[in-house]
Amino acid sequence: MKYLVMLGDGMADYPVPELGNRTPLEAAEKPNMDELARHGIVGMVKTVPEGMPPGSDTANLSVMGYDPKIYYSGRSPLEAVSIGIPLEADDVTFRCNLVTLSDEDSFEDATMLDYSSDEISTAESTELIQFLNREFESETLKLYPGISYRHCLVLHHAQTGSICTPPHDISLKPIREHLPSGRYGNLLLDLMKRSRELLKNHPVNLARIARGKRPAASCWFWGEGTKPALTPFAEKYGVKGGVISAVDLIKGIAICAGLKSVDVEGATGNVDTNFAGKADAALKLLHGGCDFVYIHVEAPDECGHRHEIENKVKSIELIDRDILGRILPALRESGEPFSILLMPDHPTPLAIRTHTAEPVPFVLYRSNREGGSPTDRYTERLAAATGIYVPEGHLMMQKLLHDIDSEA
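Thresholds, definitions, all that
Residues numbered from 1 in each chain as written. Predicted model: local features only at pLDDT ≥ 70, side-chain atom pairs only at ≥ 80, totals over all residues. Heavy atoms only, no water. Helix = DSSP H or I, 4+ residues; strand = E, 2+ residues; numbered from the N terminus. Rg over C-alpha atoms; globule rule 2.2 N^0.38 Å. Buried < 20%, exposed > 50% of the residue type's maximum accessible area, 1.4 Å probe, protein only. Contact = heavy atoms within 4.5 Å. Axes fitted to C-alpha atoms, helices over the stretch in contact; angles between N-to-C directions. Parallel < 35°, antiparallel > 145°, perpendicular 65-115°, else oblique. Nonpolar A, V, L, I, M, F, W, Y, C, P; charged D, E, K, R; others polar. Salt bridge = Lys/Arg side-chain N within 4 Å of Asp/Glu carboxyl O. Pairing = 2+ DSSP bridges. 1 Å grid on protein atoms, 1.4 Å probe; cavity = no way out; pocket = protein on both sides within 12 Å on 5 of 7 lines; lining within 4 Å. Points joined across faces, edges and corners; volume = space filled by probe spheres on them. Core = buried A, V, L, I, M, F, W, Y, C linked by side-chain atoms within 4.5 Å.

1. Concerning the overall build of the protein
Counting its secondary structure elements, the protein contains 15 helices and 15 strands. On C-alpha atoms alone, the protein measures out to a radius of gyration of 21 Å, which is about the 22 Å that the 2.2 N^0.38 rule sets for 408 residues. C-alpha atoms of the protein, sized along the principal axes, occupy 60 × 45 × 35 Å. Burial statistics for the protein: of 408 residues in total, 60% are counted as buried. Nonlocal contacts in the protein, meaning residues at least 24 apart in sequence, comprise 75% of its contacts between residues at least 6 apart.

Here you go:
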């Protein structure tokens, strides 16, 4: 048996007036997802435990079969592992976004214009982070470059207890009420203010402005955490597997879980990502000794954060056509039975541009068994109407891998 998780990050949504009060899943043409729904088990699952933030970190840990209440130690250390940063037990890490702020005289009066600095390129952002690190680095502090706008700050011999806000939660909002506080709040705010002054006239930003792009105006720190410790996936579930994602966070989870993390050329994390390349990479893993593959596509989430209605629908259609549309025929042709779990990690509603902790729709399909859910399409409304509800997201991996089709 081969096992596949098709994870459309942030794919679930609310009805959108511009789509005739349909959700993107309802508006999208997605014959492969709908076919899986017709022949599989369809329901709703809660991926984010009560009281925990609805981040892609907690939600993807959950979908990957790790109870966040037990295994979650913060978002940034998972990204640090992916970047290759060696962490000690007393290191505290933070995600460092390069963001675009409005240009008020006072830092506190600025507005969060763009949490990604117009999707700044990795080459540009690496130059900026290395420049800032030369100004900031000390025996207890270091900045590390990552991918695009996503970078990492490590505090050595430190403790947790800082309070930070994800920048995508405050898009187009004033930042004054969302500045760092708690244990290292003053230090983080000072670094953010200094970064704003240092980056203002940097040649990279001047060139971006000349090209009509938003500048990387400041660092923004969030996602505090400490070194993670995940039980190896093969030990926990008894199968070898791999993960395909363009996002450091997901790659970090894979590495911590002992899963093979595969890089795909042209995978960007956006609607222009190499969808077909991800499908081909998944098939290569499945035909090359892996029994389990987790395909993560960030595009629907990014479109939700940016209120890109048409692109969110398009990203779902491309997942359906260029990933499922390539994988399903190949798996059927192989003759070996297979199971697919199709779901988002969390909703990223276009109306609010950030994540929510509400349950999400899932399909559990087995090629050698007909499901029993009376629905002909994969949508939030129809999944909820089946009455099937899984209260803890980490249970879905047991259902997928251990051939459990019970409703709870």
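2. Thoughts on the packing of helix H5 (residues 76–83) against helix H10 (residues 248–256)
It is at 7 Å that the axes of H5 and H10 come closest, and there the two elements cross at 80°. For the element pair H5 / H10, the angle class is roughly perpendicular. Residue-level inspection shows Leu78, Glu79, Val81, Ser82 and Ile83 of H5 in contact with H10, the latter providing Asp248, Leu249, Lys251, Gly252, Ile253, Ile255 and Cys256. Class assignment for the residues of the contact of H5 with H10 results in seven nonpolar, two polar and three charged.

3. Looking at the pattern of salt bridges
Taken as a whole, this structure holds 24 salt bridges when the rule is applied. Residue Asp263 pairs with Lys251 through a salt bridge whose shortest N-O separation is 2.8 Å. Of the two residues, Asp263 sits in the loop between strand S11 (260–262) and helix H11 (275–287) while Lys251 sits in helix H10, which places them 12 residues apart along the sequence. Given the relative accessible area of 59%, Asp263 is considered exposed. Looking at Lys251, the relative accessible area reads 11%, which means it is buried.

4. Points about the sheet that holds strand S1 (residues 2–8)
Sheet strands line up and pair through hydrogen bonds in the backbone, either parallel or antiparallel. Strand order across the open sheet formed by eight strands is S11-S10-S12-S1-S13-S14-S2-S15, with mixed pairing between neighbours. Of all strands in the sheet, those with a lone pairing partner are S11 and strand S15 (389–390), marking the two edges. Sheet strands touched by helix H2 (residues 31–39): strand S2 (41–45), strand S13 (338–343) and strand S14 (360–366). Its angle to S14, the strand with the most contacts, is close to 70°. The strands touched by helix H13 (residues 309–334) are S1, strand S12 (292–297), S13 and S14; relative to S1, the strand with the most contacts, the crossing angle is about 175°.

5. As for the layout of surface pockets
Taken as a whole, the largest pocket holds about 330 Å³ of empty space. Along the wall of the largest pocket there are 17 residues; nearest its centre are Pro53, Cys164, Pro166, Trp222 and Gly223. When contributions to the lining of the largest pocket are tallied by element, the ones reaching two or more residues are strand S7 (162–163) and strand S9 (218–225). The element contributing the most residues to the lining of the largest pocket is S9, with three residues. Roughly 220 Å³ of internal volume is contained in the second largest pocket. Forming the walls of the second largest pocket are 13 residues, and the residues nearest its centre are Leu101, Asp103, Lys200, Pro215 and Ala217. Secondary structure elements with two or more residues in the lining of the second largest pocket: strand S3 (92–101), helix H7 (185–199) and helix H8 (203–210). For the lining of the second largest pocket, the class distribution of residues is six nonpolar, three polar and four charged.

6. Quick look at the nonpolar core
Counting 86 residues, the largest nonpolar core has Phe233, Phe292 and Phe362 as its most contacted members. When residues in this core are grouped by element, the largest group, 10 residues, is from H13. Judged by nonpolar contacts, the second largest core, of 37 residues, contains Phe94, Leu98, Ile120 and Phe221.

7. Quick notes on the environment of Lys260
The residue Lys260 is located in strand S11 in this model. The spatial distance from the C-alpha of Lys260 to the C-alpha of Cys290 is 9.2 Å, given a sequence separation of 30 residues. Aside from chain neighbours lying at most four places away, what touches Lys260 is Gly241, Gly242, Val243 and Leu285.

8. Quick notes on empty space enclosed by the protein
The tally for this structure, following the rule as stated, stands at two cavities of 30 Å³ or more. By volume, the largest cavity amounts to about 100 Å³. As for the largest cavity, its lining consists of 14 residues, and the residues nearest its centre are Arg75, Tyr149, His168, Glu298 and Glu302. Those elements giving two or more residues to the lining of the largest cavity turn out to be S3 and helix H12 (299–305). Among the residues forming the lining of the largest cavity, the class breakdown is three nonpolar, five polar and six charged.

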